[in-house]
Amino acid sequence: MIRVIDKALERAVTGLAYIAAFIIAVIFVMIVLDVSARIFGATPPGLTMTVVEYALLYFAMCSAPWLVRQRGHVAIEALITALPRVLRKILAKIVYTACTVASFMFAYYSTILLSEALASMEFDLRGVEVPLWLLFAPMPLSFFLVSLEFLMYLIGLRSYYNYDLSEVRDSV
């Protein structure tokens, strides 16, 4: 059963990673158009900065679960490999628990912020007016998926720290 859940989680996380890749392409195009307009003396679109700021947030939120799944976050390999195997497992469980709880808390509180922003219908005033709820929209899902990814590590489905360092060096 847990493998089925993990497979569904993998599909969701991979889908968000593709969305993150698309967002980066959109940011690139918008910046090129903005700079080109300035070079040729035209007035650049006024919404570029606001859209890019929001897009960077969405990129970070969409890519975070994938980074956890791919073990793409920072880990101190020298410390981890120097520890005895038993201590390494205990420390890993502590880290997995802390990350799972923190991610669930972020998902919970960002859901509250999103619902409050939806209820208030306030606007974020930057280069253009943007509904404030758009600022919080990607956070609940992203943090929830991050927490599920760490939970998979916690229950032992996979390990964040059981890789061969030569594997890391070869892929860099």
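Just above sits the structure.
None of the values given here were measured: they were computed from a predicted structure.

**Digging into the nonpolar core**
Membership of the largest hydrophobic core comes to 13 residues, with the highest contact counts inside it found for Leu9, Ile23, Ile27, Cys62 and Leu145. Looking at this core, the elements with two or more residues in it are α1 (2–39), α2 (48–69) and α6 (139–154). Take this core: its biggest share by element is 6 residues, from α1. For Ile23, the residues in contact, after removing those within four places along its chain, are Ala55, Tyr58, Phe59 and Cys62. Formed by 10 residues, the second largest nonpolar core is a distinct cluster that contains Ala64, Phe150, Tyr153 and Tyr160.

**A closer look at the packing of aromatic side chains**
For the structure on display, the rule yields 5 aromatic pairs. Ring geometry for Phe106 versus Phe143: centroids 5.2 Å apart, planes at 35°, classification tilted. Separated by 37 residues along the polypeptide, Phe106 in helix α4 (residues 85–120) and Phe143 in helix α6 bring together distant segments of the chain. Ring centres 6.2 Å apart and planes at 50° place the aromatic pair Phe150 and Tyr153 in the tilted group. Pair noted here: Phe150 and Tyr153 are both in helix α6, with a separation of 3 residues, about one helical turn. On the basis of relative accessibility, which here comes to 11%, the residue Phe150 falls in the buried class. What makes Tyr153 buried here is its relative accessible area of 1%. Here a set of aromatic residues connected by ring pairs shows up, and it is made of Tyr96, Phe150 and Tyr153. The ring centre of Tyr153 lies 5.2 Å from the NZ or CZ of Arg158, which sits over that ring.

**Some details on the packing of α4 against α6**
Packing of α4 against α6 leaves a shortest axis separation of 8 Å and a crossing angle of 160°. Taken together, α4 and α6 sit at an angle that is classed as roughly antiparallel. Crossing of α4 over α6 shows left-handed handedness. Contacts between α4 and α6 involve Lys93, Tyr96, Thr97, Cys99, Thr100, Ser103, Phe104, Phe106, Ala107, Ser110, Thr111 and Leu114 on the former and, on the latter, Met139, Pro140, Phe143, Phe144, Val146, Ser147, Leu148, Phe150, Leu151, Tyr153 and Leu154.

**Brief notes about the environment of Met49**
Along the polypeptide, Met49 turns up in helix α2. Taking the relative accessible area as the measure of exposure, Met49 reaches 55% and is therefore exposed. On a C-alpha basis, the gap between Met49 and Gly127 in space is 7.0 Å, while along the polypeptide they are 78 residues apart.

**Here we look at the side chain of Asp6**
The residue Asp6 is located in helix α1 in this model. Given the relative accessible area of 12%, Asp6 is considered buried. Aside from chain neighbours lying at most four places away, what touches Asp6 is Arg69, Met152, Leu157 and Arg158.

**Some details on unusual backbone geometry**
We note that Met121 has phi near 55°; this positive angle belongs to a residue other than glycine. Residue Met121 is classed as partly exposed on the basis of its relative accessible area of 49%.

Reading the values: rules and limits
Residues numbered from 1 in each chain as written. Predicted model: local features only at pLDDT ≥ 70, side-chain atom pairs only at ≥ 80, totals over all residues. Heavy atoms only, no water. Core = buried A, V, L, I, M, F, W, Y, C linked by side-chain atoms within 4.5 Å. Buried < 20%, exposed > 50% of the residue type's maximum accessible area, 1.4 Å probe, protein only. Helix = DSSP H or I, 4+ residues; strand = E, 2+ residues; numbered from the N terminus. Contact = heavy atoms within 4.5 Å. Phe/Tyr/Trp six-rings, centres within 6.5 Å; stacked < 30°, edge-to-face > 60°. Lys NZ or Arg CZ within 6 Å of the ring centre and 35° of its normal. Axes fitted to C-alpha atoms, helices over the stretch in contact; angles between N-to-C directions. Parallel < 35°, antiparallel > 145°, perpendicular 65-115°, else oblique. Left-handed = near helix turned anticlockwise from the far one by under 90°.

Everything listed here is a matter of coordinates, which is why it stays silent on function.
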